[in-house]
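Topology and contacts: notes
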Amino acid sequence: MFYVFGGSPKPELVRHAESAMKREELARKLAQRAHLPVAKARDEVDALVHKILKSLRAGKPVVFPGIGKLVSPPVKRVKR
């Protein structure tokens, strides 16, 4: 679960977008446009997703210029 800050003044909580592009489709489009083998494009997509998730887990926002910003909501720690 991530918050997306875009053009609206209020952040939107995003769980799943109906028009979400699947990893394989994104890799195929990247391969086509960048003239790469699909396997290489898939590796690049995986690396990008890994970097995004690593930043969000570290509490750092991920900014997509012209689109918006992803931020992870604060995690409540349970005292033991």
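Nothing here was measured: the structure is a model prediction, and the numbers come from that model.

Scanning the protein chain from terminus to terminus reveals two helices and four strands. When the helices and strands of the protein chain are read in sequence order from the N terminus, they spell out β-β-α-α-β-β. In the protein chain, buried positions account for 14% of the 80 residues. In the protein chain, once contacts between residues fewer than 6 apart in sequence are set aside, the share between residues at least 24 apart is 29%. By element, 58% of the accessible surface of the protein chain is carried by carbon and sulfur atoms, the whole surface being about 7,100 Å².

Its twelve residues give helix 1 (residues 23-34) an end-to-end C-alpha distance of 16 Å, which sits within 8% of 16 Å, the value for a rise of 1.5 Å per residue. Directly beyond the C-terminal end of helix 1, a positive phi value near 55° is found at His35.

This part covers the confidence of the model for the protein chain. Taken as a whole, the protein chain shows an average pLDDT of 79; of its residues, 75% reach a score of 70 or greater. Of all secondary-structure elements in the protein chain, the lowest mean pLDDT belongs to strand 1 (residues 2-5), at 51, while helix 2 (residues 38-57) reaches the highest, 92.

Okay, the packing of helix 1 against helix 2 next. In contact at an axis separation of 8 Å, helix 1 and helix 2 are set at 120° when each is read in the N-to-C sense. Of the possible angle classes, the one that applies to helix 1 and helix 2 is oblique. Crossing of helix 1 against helix 2: the hand is right-handed. The segment helix 1 lies against helix 2, with Arg23, Glu24, Leu26, Ala27, Arg28, Leu30 and Ala31 engaging Val38, Ala41, Arg42, Glu44, Val45 and Asp46. The class makeup of the residues in the contact of helix 1 with helix 2 is seven nonpolar, no polar and six charged.

Here the focus is the pairing of strand 4 (residues 68-71). Looking down a regular strand, the side chains alternate between one sheet face and the other. Here strand 3 (residues 62-64) pairs with strand 4 via three bridges, running antiparallel. Looking across to strand 4, one finds that Val63 is bridged to Lys69. In this antiparallel pair of consecutive strands, strand 3 and strand 4, the connection spans three residues, and Gly66 shows a positive phi of 80°.

This part takes up unusual backbone geometry. If you check the backbone angles, His35 has positive phi at about 55° while not being a glycine. Checked against the element boundaries, His35 lands in the loop between helix 1 and helix 2. A relative accessible area of 72% means that His35 is categorised as exposed.

Reading the values: the criteria
- Residues numbered from 1 in each chain as written.
- Predicted model: local features only at pLDDT ≥ 70, side-chain atom pairs only at ≥ 80, totals over all residues.
- Heavy atoms only, no water.
- Helix = DSSP H or I, 4+ residues; strand = E, 2+ residues; numbered from the N terminus.
- Buried < 20%, exposed > 50% of the residue type's maximum accessible area, 1.4 Å probe, protein only.
- Contact = heavy atoms within 4.5 Å.
- Areas by Shrake-Rupley, 256 points an atom, 1.4 Å probe, with all protein chains shown as cover.
- Expected span 1.5 Å × (residues − 1).
- pLDDT = per-residue confidence, 0-100.
- Axes fitted to C-alpha atoms, helices over the stretch in contact; angles between N-to-C directions.
- Parallel < 35°, antiparallel > 145°, perpendicular 65-115°, else oblique.
- Left-handed = near helix turned anticlockwise from the far one by under 90°.
- Nonpolar A, V, L, I, M, F, W, Y, C, P; charged D, E, K, R; others polar.
- Pairing = 2+ DSSP bridges.

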